[in-house]
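An overview of the molecular structure
Residue-level listing of the chains:
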Amino acid sequence: MSISASRPPVFVLVPISMLCTLVAVVFGRLAYGLVLPVMRETLALSYSQAANLGTLTALGYLVLLLYAGVFAGRHGGKRSILLGLSLGAIGYAGLSLFSAYPLLMLCMTLMGFGTAFTFTPLVSLLGAWYPERRGMVIGFAGSGVGIGILLAGALVPIITQSGDEASWRLIWASFAGIAVLAIVLVSIFLRDPPQHEETISMRQGLAIAYRNPHVVRMALIYGVVGLTYIVQVLFMYSFALDAGVAAPIAGRLVAVMGFVSIFSGPVWGWLADKVGHGRALTFCMTVAIIATLLPVIWPQTWAFTVHFVLVGLSVTGLFTSVLAAATSTVKPQHAAMAVSFVTVFFALGQLVGPALAGLLIDWQQDFRLTFAVSAVLMFIGALVSHGSTAVAKS
């Protein structure tokens, strides 16, 4: 039976992939920035300590990222995703219960493990089932990020307004419950694509990736995206509060960003498949640079409003274009390793970003220098992406 005849329908695969992305990426990485202000205050953490918790999540993600690709190749993407969701659920549940800093560190590390075992195998699985529409299906999966940010931006600030520990602990407990739901749905509905006849070792797969100039270029760009985006997610909400934006308004702005990104992901994926990932990526980077600089120059409510809208329009385009491009110039059986390879750079960026940002913020007692540096790095990324015009192969 051909792959097109046996593959699950899009209306089943897409919602499950969106839920997995929401649980692994939004709950595991992005929502922490919204919970951070009240969590930091009630636990008496410094900005450096809070940033280091985010760094541990990135470190956990990085340490197991390549192994997760090998695990998925040997045991199937479904088992890898189930393992990742389970690790994430344990981490969320732990954060809802623990106060000791070492235990919080352990929970954040488990969340990074969970993201590694979930997201990369998921992207590879989607591309394997629908190679002719990889940009679009990956874009739909990325919409899970937008939905999660929309919900988190709308609900988290309201829940945490009381400022006590019970509020943010309830949020982490809710994340654990939704993760369990995702585990059940994946167990019932998700299927692995047929295995390719060719099997490769990690060393062979890495050699294929780093000898491909296009994959290397995407890896470098994804490193910049990882560094700058995680800093934006962790600290832009706090920057807005520090600049005098009321918490409910800042939360609504985050929700608007999420709402916009729900629709921009599939659109960017479709567009990247048509016009080339290099062109789409360069434009996305340019929009992100403008979005980052506006609050730096004008730390006012209108600038933060435009910032969150522009980030919503561009960020899923960055993820979709890079991931689709990483698989467009390699054989299908090498796609998982190509995705893992570029995502290692993304994870390295996310590992370095929070720690450096926390030090800069503690040093300056201001957020503007941190985001000015982010804009410079994105400009470098835009220069690297310029001229990269490979179009995903069907």
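Please refer to the structure placed before this passage.
Residues numbered from 1 in each chain as written. Predicted model: local features only at pLDDT ≥ 70, side-chain atom pairs only at ≥ 80, totals over all residues. Heavy atoms only, no water.

The helix and strand tally for the chain stands at 15 helices and zero strands. Scaling as 2.2 N^0.38, a compact globule of 394 residues should have a C-alpha radius of gyration of about 21 Å, and the chain matches this with 19 Å. The C-alpha extent of the chain, read off along each of the three principal axes, is 60 × 45 × 35 Å. Split into buried and exposed, the 394 residues of the chain put 59% on the buried side. The long-range fraction of contacts in the chain, counting pairs at least 24 apart against all pairs at least 6 apart in sequence, stands at 86%. Once the 19 positive and 11 negative side-chain charges of the chain are each reduced to a mean point, those two points are 12 Å apart. (Helix = DSSP H or I, 4+ residues; strand = E, 2+ residues; numbered from the N terminus. Rg over C-alpha atoms; globule rule 2.2 N^0.38 Å. Buried < 20%, exposed > 50% of the residue type's maximum accessible area, 1.4 Å probe, protein only. Contact = heavy atoms within 4.5 Å. Lys, Arg positive; Asp, Glu negative; His and termini not counted. Charge placed at Lys NZ, Arg CZ, Asp CG, Glu CD.)

So, about the layout of surface pockets. In this structure, the second largest pocket spans a volume of roughly 290 Å³. Every residue lining the second largest pocket is counted, 17 residues in all, and those nearest its centre are P37, V38, E41, Y237 and L241. With six residues, the single largest contributor to the lining of the second largest pocket is helix α3 (residues 32-43). Taken together, the residues of the lining of the second largest pocket break down into 10 nonpolar, four polar and three charged. (1 Å grid on protein atoms, 1.4 Å probe; cavity = no way out; pocket = protein on both sides within 12 Å on 5 of 7 lines; lining within 4 Å. Points joined across faces, edges and corners; volume = space filled by probe spheres on them. Nonpolar A, V, L, I, M, F, W, Y, C, P; charged D, E, K, R; others polar.)

Time to look at a nonpolar patch on the surface. Where nonpolar side chains cluster on the molecular surface, the patch consists of L151, L155, I158, I159 and L170 and spans about 460 Å² of accessible area. Tracing the sequence through the fold places L170 in helix α8 (residues 165-189). (Patch = residues over 30% accessible without salt bridge, like charges linked within 9 Å, V, L, I, M, F, W, Y side chains within 5 Å. Areas by Shrake-Rupley, 256 points an atom, 1.4 Å probe, with all protein chains shown as cover. Salt bridge = Lys/Arg side-chain N within 4 Å of Asp/Glu carboxyl O.)

Here we take up the packing of α3 against helix α4 (residues 47-75). Two elements in contact, α3 and α4, have axes whose closest approach is 11 Å; the angle formed by their N-to-C orientations is 145 degrees. Where α3 crosses over α4, the handedness of that crossing is right-handed. Along the contact surface, α3 presents Y32, L36 and R40, while α4 presents Y47, A50, L53 and G54. Residues of the contact of α3 with α4, tallied by class, amount to five nonpolar, one polar and one charged. (Axes fitted to C-alpha atoms, helices over the stretch in contact; angles between N-to-C directions. Left-handed = near helix turned anticlockwise from the far one by under 90°.)

Right, let's talk about helix α15 (residues 368-385) for a bit. Here α15 is 18 residues long and its end C-alpha atoms lie 26 Å apart, about the 26 Å a rise of 1.5 Å per residue gives. The set of residues buried in α15 consists of T370, F371, S374, A375, M378, G381, A382 and S385. Down the axis of α15, the buried set is contained in an arc of 135 degrees. They therefore lie on one face. (Expected span 1.5 Å × (residues − 1). Arc of directions from axis to C-beta.)

Time to look at the nonpolar core. Membership of the largest hydrophobic core comes to 121 residues, with the highest contact counts inside it found for W172 and F235. Among residues more than four places away in sequence, those in contact with F235 are L36, Y47, A51, P354, A357, G358, I361, F367 and F371. Of all hydrophobic cores here, the second largest spans five residues; its members include A68, L87, L110 and F117. (Core = buried A, V, L, I, M, F, W, Y, C linked by side-chain atoms within 4.5 Å.)

Moving on, we get to the packing of aromatic side chains. The final tally for this structure, using the stated rule, is 14 aromatic pairs. Relative to W302, the ring of W298 has its centre 5.6 Å away and its plane inclined at 40 degrees; by these criteria the two rings are tilted. A relative accessible area of 41% means that W302 is categorised as partly exposed. (Phe/Tyr/Trp six-rings, centres within 6.5 Å; stacked < 30°, edge-to-face > 60°.)

This part covers the side chain of T115. Assignment of secondary structure puts T115 in helix α6 (residues 101-129). Overall, the relative accessible area of 4% leaves T115 in the buried class. Those residues in contact with T115, other than ones at most four positions away along the chain, are A24, R29, Y61 and T120.

So, on to α3. Over its 12 residues, α3 runs only 14 Å from end to end, short of the ideal 16 Å by more than 12%, given 1.5 Å per residue. Within the span of α3, buried status applies to Y32, G33, L34, V35, L36, V38, M39 and L43. Taken from the residues just after α3, A44 is the one with a positive phi, measuring 60 degrees.

Locating R169 in the fold gives a position in helix α8. Reaching out from R169, the side chain makes a polar contact with the backbone oxygen of F98 at a distance of 2.7 Å. Setting aside chain neighbours within four positions, we find R169 in contact with L43, L95, S96, L97, F98 and S99. (Polar contact = N/O pair within 3.5 Å; in protein donor to acceptor, adjacent residues only side chain to side chain.)

On to the environment of S187. Assignment of secondary structure puts S187 in helix α8. Sequence separation between S187 and V233 is 46 residues; the distance between their C-alpha atoms is 31 Å. When residues no more than four places from it in sequence are discounted, the contact partners of S187 are K78 and L82. Engagement of the side chain of S187 in a polar contact is seen with the backbone oxygen of I183, the distance being 2.8 Å.

Once that is clear, we can look at the environment of L104. Within the element layout of this structure, L104 appears in helix α6. Classification of L104 by relative accessible area gives buried; the value is 0%. Each C-alpha atom of the pair L104 and G94 lies 7.5 Å from the other, and the pair is 10 residues apart in sequence. In this structure, L104 is in contact with M39, L43, L53, L95, F98 and S99, ignoring residues within four places of it in sequence.

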